[in-house]
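# Fold and contact review
Read off the chains here:
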Amino acid sequence: MDEAIMKHIGALVLAALLAPLTLLPAVTVEDLRCEYRENPLGIDVVKPRFGWRLEDGGQRSEVRWQRQTAYQVLVASSDELLKGTPGDLWDSGKVVSDQSIQVEYAGKPLKSRLACCWRVRVWDKDGKASAWSKPATFETWLLEPDAWQAKWIGMSGPEGKRGSPLLGKEVEITGKVKRARVYVSGLGWSELYLKTWR
């Protein structure tokens, strides 16, 4: 076989062998969790714990040739504040660590009924930063004792003859609803129903 053809074939074989190494996408951050849940509502801890999973070349982080060497977590009180700026609630900065679970929040004190957005980026074994993850969310519960502003309701009557009370409350809302929450605390068994009238 002609020597020029042999060299050409050899170059093609070498390119084919190197292609998987050069075309592998960078590590990405997926499956964001707060207190082990996806976008949880009503977390009751003041220092929630974050976790995430790495993907590398479409595979999970168990791929041996890649690993996390550092991370950065941003937490903000809105989507707008999370984009392109440090989080107004917490910016961990670059933390040299392979930890990707139980990363504890260490920002400004969280208040009750606070909706938060957060995202993560990591650095791989070669010190290359990943892109920021897609935003995730969490919302706090009533964290302070005086956060409860409602009055206790119940059914009066002789002991043993109270039956199963049905309690209701009508509320008229005149404006557009952007977000609504119902907080219920009760001893024993209960069910909550919401009905709307137009």
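Notes on the structure in this doc start here. (Residues numbered from 1 in each chain as written. Predicted model: local features only at pLDDT ≥ 70, side-chain atom pairs only at ≥ 80, totals over all residues. Heavy atoms only, no water.)

So, about the overall build of the protein. In terms of helices and strands, the protein carries two helices and nine strands. The order of α-helices and β-strands along the protein, N terminus first, is α-β-β-β-β-α-β-β-β-β-β. In the protein, which comprises 198 residues, the proportion classed as buried is 25%. Long-range contacts, defined here as pairs at least 24 residues apart, represent 63% of the contacts in the protein between residues at least 6 apart. For the protein, the accessible area works out to roughly 15,100 Å², and carbon and sulfur atoms hold 55% of it. (Helix = DSSP H or I, 4+ residues; strand = E, 2+ residues; numbered from the N terminus. Buried < 20%, exposed > 50% of the residue type's maximum accessible area, 1.4 Å probe, protein only. Contact = heavy atoms within 4.5 Å. Areas by Shrake-Rupley, 256 points an atom, 1.4 Å probe, with all protein chains shown as cover.)

Moving on: the side chain of S97. The topology assignment puts S97 in the loop between β6 (95–96) and β7 (103–104). Exposure remark for S97: the relative accessible area of 17% places this residue in the buried category. The contacts of S97, once residues within four sequence positions are left out, are Q68, T69, A70 and Y71.

We now examine a nonpolar patch on the surface. A cluster of nonpolar residues, V182, V184, L192 and L194, forms a patch on the protein surface that exposes about 390 Å² of accessible area. Using a relative accessible area of 66% as the deciding quantity, one classes L194 as exposed. (Patch = residues over 30% accessible without salt bridge, like charges linked within 9 Å, V, L, I, M, F, W, Y side chains within 5 Å. Salt bridge = Lys/Arg side-chain N within 4 Å of Asp/Glu carboxyl O.)

Counting residues in hydrophobic clusters, the biggest one holds 23 residues, and the most contacted among them are F50, W52, V73, V75, W118 and F138. Of all the secondary-structure elements, those providing two or more residues to this core are β1 (28–34), β2 (49–56), β4 (70–76), β8 (115–123) and β9 (136–139). Ranked by residues supplied to this core, first place goes to β8 with four residues. With residues up to four places along the chain from it excluded, the contact list for F50 reads R33, C34, V73, V75, W90, S100, I101, Q102, V103, Y105, W118 and F138. (Core = buried A, V, L, I, M, F, W, Y, C linked by side-chain atoms within 4.5 Å.)

To continue, consider the pattern of salt bridges. Throughout the structure, instances matching the rule amount to seven salt bridges. Its salt-bridge partner being R33, residue D31 comes within 3.0 Å of it at the nearest N-O pair. Since its relative accessible area comes to 30%, R33 is described here as partly exposed. With a shortest N-O distance of 2.9 Å, E55 and R53 are connected by a salt bridge. Members of the salt-bridge network, linked through shared partners, are D31, R33, R53 and E55.

Quick look at the environment of A129 now. Within the secondary structure layout, A129 lies in the loop between β8 and β9. Sequence spacing of A129 and Y71 is 58 residues, and the spatial spacing of their C-alpha atoms is 8.7 Å. Setting aside anything within four residues of it in sequence, one finds A129 in contact with V122 and W123.

Further remarks concern the packing of aromatic side chains. According to the stated counting rule, one finds five aromatic pairs in the structure shown. Judged by centre distance (6.3 Å) and plane angle (20 degrees), the rings of F50 and W90 are stacked. Separated by 40 residues along the polypeptide, F50 in strand β2 and W90 in strand β5 (residues 90–91) bring together distant segments of the chain. Each member of the pair, F50 together with W90, is buried. Between the aromatic rings of W90 and Y105, the centroid separation amounts to 5.5 Å while the plane-to-plane angle is 70 degrees, which identifies the pairing as edge-to-face. Of the two residues, W90 is situated in strand β5 and Y105 in the loop between β7 and β8; the sequence distance between them amounts to 15 residues. Both residues of the pair, W90 and Y105, count as buried. Among the aromatic residues, those joined into a ring-pair cluster are F50, W90, Y105, W118 and F138. (Phe/Tyr/Trp six-rings, centres within 6.5 Å; stacked < 30°, edge-to-face > 60°.)

Quick look at the side chain of S92 now. Here S92 is to be found in the loop between β5 and β6. Of note is the side chain of S92, whose polar atom sits 2.8 Å from the backbone nitrogen of V73. Contacts of S92, omitting those with residues within four sequence positions, involve Y71, Q72 and V73. (Polar contact = N/O pair within 3.5 Å; in protein donor to acceptor, adjacent residues only side chain to side chain.)

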